[in-house]
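As a plain string of letters, each chain reads:
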Number of protein chains: 2
Amino acid sequence: MDRPLAADERLEVLVDLALAPGERAEELAAGLAREQPVELDLALVPERARAAAAGRVVEVEATGPRRARARLAFPVATVGGDLPQLVNLLFGNVSMQRGVRIAEVRWPAALLAAFRGPAFGIDGLRALCGATARRPLVMAALKPLGLSAGELAAIAGSLARGGIDLVKDDHSLCEQPWAPFAERVARCQEAVEAANRGGRSCLYVPNLTGPADRLGERVGRLRRLGVQAALVAPLLERLDTVRALAAGSGLALLAHPSLSGGLLGRRHGFAPRVLWGELFRLAGADGVIYPNAGGRFRFSRGECRDVAAALRGPLGTLAPAFPVLGSGMDAAGIRRGRRRYGDDTVFLAGAGLLGQPDLERGAAALRAELER
Amino acid sequence: MDRPLAADERLEVLVDLALAPGERAEELAAGLAREQPVELDLALVPERARAAAAGRVVEVEATGPRRARARLAFPVATVGGDLPQLVNLLFGNVSMQRGVRIAEVRWPAALLAAFRGPAFGIDGLRALCGATARRPLVMAALKPLGLSAGELAAIAGSLARGGIDLVKDDHSLCEQPWAPFAERVARCQEAVEAANRGGRSCLYVPNLTGPADRLGERVGRLRRLGVQAALVAPLLERLDTVRALAAGSGLALLAHPSLSGGLLGRRHGFAPRVLWGELFRLAGADGVIYPNAGGRFRFSRGECRDVAAALRGPLGTLAPAFPVLGSGMDAAGIRRGRRRYGDDTVFLAGAGLLGQPDLERGAAALRAELER
């Protein structure tokens, strides 16, 4: 937090309620407004504290049978400029109820100003990849788990030589015996640098998600190796790790959605655009990986577009972040994705690419698709 | 991780599947076994990597119309002794599917041996509270948000003098302007110590959940003040913060369930006993706060008992942890809770206590209930 928050600004939250038989929307909404900050019957809250910290219900609107949308307002000062507390305020104890979905947040300027967001953003990440021309970027993953560091580095080299813009560790790669972190990142970075000396400008994105007490050491190692970006899963880590890394690591950050799907229920949780599009960006992700509609995951086209719009749209003075769309991204998928999501997008090529007999050629074909 | 994991031990996971029309349980199970570690069509995975890292389906059993239970087995080495990766393996990308619930985990000895679990456990926490006699403990929370540090400290003093065993910060207290962290913890610890000089042995449990880059400084401050325990929300932080704190902070750790309810869907997510009872304990929580059945949250008696049993039952050589039951814990609730959960339990008194005109007397009445 860089400056104190004005106590009189309010964070407005639109909440979709799915009502159980006999539940009344107004009571449920009043409970939420109370539950999240003060968690006490308001009669027990001293007047001054109530005025300072209690939420209130702005309006409740029926949206269907046993469905309602409530607009709640919370004093911004309850957040205290603290990202974990922001998440707690939005969906802390309420997560243990049912049928409460955070559909939309209206971010007050004072709250946005307390967070710096992406350190690189779309333009910064483009610059790191040497991809300043207006085209989508293509990312590929080093996998599977079980390969040696040398085998993964060989894949990284082929992908980079073929013209893949960002080569990331699979998010499951951590400290397994076959390819321990230190050896893996050194060899993969070396392979990507060799390709770059041959005229490419690929960015290697190792997985930084890992033990809490080794994060600092790993960031130091990456910087010494010349690595300029890293993959972090904000829900396996914490959202605030992303913020701290964006502020202090010098690395561009790609956010991985592991575990976060559990918080994106249709009736209970966050709308994807709030969690992936706004909270991940607010924390400082320069790009957010999420599954495209129509793959083996369960998000709709509308939801996927909303996430992309939230990542790239106005959000205070925060830099825009790249949507990174995974799932089913072969050449045809990328063509469709480009029409759907536009040029400020990263496409994550998956099994279709890794299944090619000649990886470098497969990568080059995808890259050519983007240069059209 | 203290010693390398034997590559041939397997982590078995029982998964309840809710099938969409046309979905086949066997295919879904095979997808999960593949998805979690290698995330590739097995035909694309080199034989050696497949043998080392791929999961397999042990059996699939129909459990009802469009319901099945699958038993999956994953090589322990895929975890690499890394807690974020353990969570990723159990419910990482799968979180973005639907109808997948982690019902039970069979923990191999090699994996359990890689984690130390609670540093204090039930006996250690009893010793810190001077409550070695066989009785439940009682905890109360400092709230609401909006009070000053002095007002919160006055409440802490009354609760401690009345005989409350553990006085915790409300989980929403962080760095708000009314009671900033440094001032709040100093004054509350002082108030509790004063009560203890008068013959009590109350433990103050400040909220340590907060900015990633201030955690170390805050732990140092607590230790200098003589604070011996802290509250951490593992899902606002990360589970691995609990592990690192258990290993290195010297503080007893109480886990708060904020945000975690989103991962405990009836059809999708974790069974509460796996997340709260096993993963929180494995990480090192000495006590785990969760809502009792019948309150405003949505857990059944059976689920609440399963969590308590998991926290206290055998789990390798890990110390048992206290179930800390919140929601509706007045004297009558504590009497019922004691019959239901037994003496190795902490009861979290809530609004019923804080609403008393004489807080110290109210606290003493609850304590007397426990001494019966």
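Being a predicted model, the structure only gives us computed values, none of them experimental. (Residues numbered from 1 in each chain as written. Chains lettered and ligands numbered in written order. Predicted model: local features only at pLDDT ≥ 70, side-chain atom pairs only at ≥ 80, totals over all residues. Heavy atoms only, no water.)

Quick word on the interface of chain B and chain A
At the junction of the two partners, chain B supplies 76 residues and chain A supplies 76 residues. Surface buried jointly by chain B and chain A totals about 6500 Å² across both partners, of which 58% is contributed by carbon and sulfur atoms. At the boundary of chain B with chain A, the tally comes to 6 salt bridges. Notably, a salt bridge pairs B:Arg48 with A:Glu151, separated by 2.8 Å at the nearest N-O pair. The set of elements that each furnish at least two residues to the side of chain B that touches chain A consists of helix 2 (47-53), helix 3 (83-91), helix 9 (239-248) and helix 13 (351-354) of chain B. A per-element tally of the side of chain B that touches chain A places helix 3 of chain B first, with 5 residues. (Contact = heavy atoms within 4.5 Å. Buried area = accessible area lost by both parts, 1.4 Å probe. Salt bridge = Lys/Arg side-chain N within 4 Å of Asp/Glu carboxyl O. Helix = DSSP H or I, 4+ residues; strand = E, 2+ residues; numbered from the N terminus.)

Description of the sheet that holds strand 6 (residues 166-169) of chain A
All names here are of chain A. Spatially, 7-6-5-13-12-11-9-8 is the arrangement adopted by the 8 strands of the open sheet, whose pairing is parallel. What marks the edges here is a single partner per strand, and that holds for strand 7 (203-205) and strand 8 (229-232). Recorded for the sheet is a direction-independent mean angle of 25° between the axes of neighbouring strands. With respect to the sheet, helix 12 (residues 331-341) is in contact with strand 5 (137-142), strand 11 (287-291), strand 12 (322-326) and strand 13 (346-349), its orientation differing from that of strand 13 by roughly 155°. (Pairing = 2+ DSSP bridges. Axes fitted to C-alpha atoms, helices over the stretch in contact; angles between N-to-C directions.)

Structural notes on the packing of aromatic side chains
To describe a pair of aromatic rings, you give the distance between the ring centres and the angle between the ring planes. All names here are of chain A. Here the structure, examined in full by the defined rule, presents 6 aromatic pairs over all chains. Three or more aromatic residues joined by ring pairs make a cluster, and in this case those are Trp 276, Tyr 290 and Phe 299. Note that Arg 218 overlies the ring of Phe 181, its terminal NZ or CZ placed 4.3 Å from the centroid. (Phe/Tyr/Trp six-rings, centres within 6.5 Å; stacked < 30°, edge-to-face > 60°. Lys NZ or Arg CZ within 6 Å of the ring centre and 35° of its normal.)

Points about the pattern of salt bridges
Between side chains of opposite charge, a pair can form when the charged atoms approach closely. The final tally for this structure, using the stated rule, is 58 salt bridges over all chains. The residue A:Arg273 makes a salt bridge to A:Glu104 at a minimum N-O spacing of 3.4 Å. Pair noted here: A:Arg273 is in helix 10 (residues 272-283) and A:Glu104 is in strand 4 (residues 100-106), with a separation of 169 residues, a long-range link. With relative accessibility at 28%, the residue A:Arg273 sits in the partly exposed group. Residues B:Arg338 and B:Asp343 are paired through a salt bridge, measuring 2.9 Å at the closest nitrogen-oxygen approach. A single burial state applies to B:Arg338 and to B:Asp343, both of which are buried. One network of salt bridges, with partners in common, ties together A:Glu12, A:Glu59, A:Arg71, A:Glu104, A:Arg106 and A:Arg273. (Buried < 20%, exposed > 50% of the residue type's maximum accessible area, 1.4 Å probe, protein only.)

Details of helix 11 (residues 301-312) of chain B
Residue and element names in this part refer to chain B. Here helix 11 is 12 residues long and its end C-alpha atoms lie 17 Å apart, about the 16 Å a rise of 1.5 Å per residue gives. The complete set of buried residues in helix 11 reads Cys 304, Val 307, Ala 308, Ala 310 and Leu 311. With its buried residues spanning 165° around the axis, helix 11 presents them on a single face. Against helix 10 (272-283), strand 11 (287-291), strand 12 (322-326) and helix 12 (331-341) lie the buried residues of helix 11. (Expected span 1.5 Å × (residues − 1). Arc of directions from axis to C-beta.)

Things to note about the relation of the copies chain B and chain A
Under the fitted operation, chain B is carried onto chain A by 0.0 Å of movement along the axis and a turn of 180°, and the coordinates agree to an RMSD of 0.0 Å. The superposition of one copy onto the other is thereby described by a two-fold rotation axis. Among all residues of chain B, the one whose C-alpha sits closest to the rotation axis is B:Arg238, at a distance of 2.7 Å. Both copies contact each other with a shared surface, as 100% of the interface residues of chain B are interface residues in chain A too. (Least-squares fit on C-alpha atoms with pLDDT ≥ 70 in both.)

Focus on the pairing of strand 11 of chain B
Residues and elements named next belong to chain B. The buried count for strand 11 comes to 5 of 5 residues, which makes it a mostly enclosed element. Every second residue of strand 11 is oriented toward a common face, with Gly 287, Ile 289 and Pro 291 on one face and Val 288 and Tyr 290 on the other, all of them buried. Looking at chain direction, strand 9 (residues 252-255) and strand 11 are connected through 2 bridges and run parallel. Note that in strand 11 the partner of Leu 254 across the bridge is Gly 287. With 5 bridges joining them, strand 11 and strand 12 adopt parallel strand pairing. In the strand pairing of strand 12, Ile 289 is matched with Val 324.

Topic: the confidence of the model for chain A
Residues and elements named next belong to chain A. Considering every residue of chain A, the mean pLDDT works out to 93; 97% of them sit at 70 or more. In this model residues 1-7 is a low-confidence stretch, pLDDT under 50, and it forms 18 contacts with partners more than four residues away in sequence or in other chains. Of the two predicted TM-score estimates for the complex, the pTM is 0.96 and the ipTM is 0.95. (pLDDT = per-residue confidence, 0-100.)

Comments concerning the pairing of strand 13 (residues 346-349) of chain B
Residues and elements named next belong to chain B. Residues Val 346 and Leu 348 line one face of strand 13 and the alternating positions Phe 347 and Ala 349 line the opposite face, and both faces are buried. In the sheet, strand 5 (residues 137-142) pairs with strand 13 via 4 bridges, with the strands oriented parallel. The residue of strand 13 that forms the bridge with Met 139 is Leu 348. Examined bridge by bridge, strand 12 and strand 13 share 2 bridges and lie parallel to one another. Its bridge partner being in strand 13, Val 324 is matched across the sheet by Val 346.

Re the side chain of A:Ser95
Following the sequence through the fold, A:Ser95 ends up in the loop between helix 3 (83-91) and strand 4. Here the side chain of A:Ser95 touches A:Gly92 through a polar contact of 2.7 Å, landing on its backbone oxygen. The contact partners of A:Ser95, leaving out residues within four places of it in the chain, are A:His268, B:Pro257, B:Ser258, B:Leu259, B:Ser260, B:Gly261, B:Gly262 and B:Arg298. (Polar contact = N/O pair within 3.5 Å; in protein donor to acceptor, adjacent residues only side chain to side chain.)

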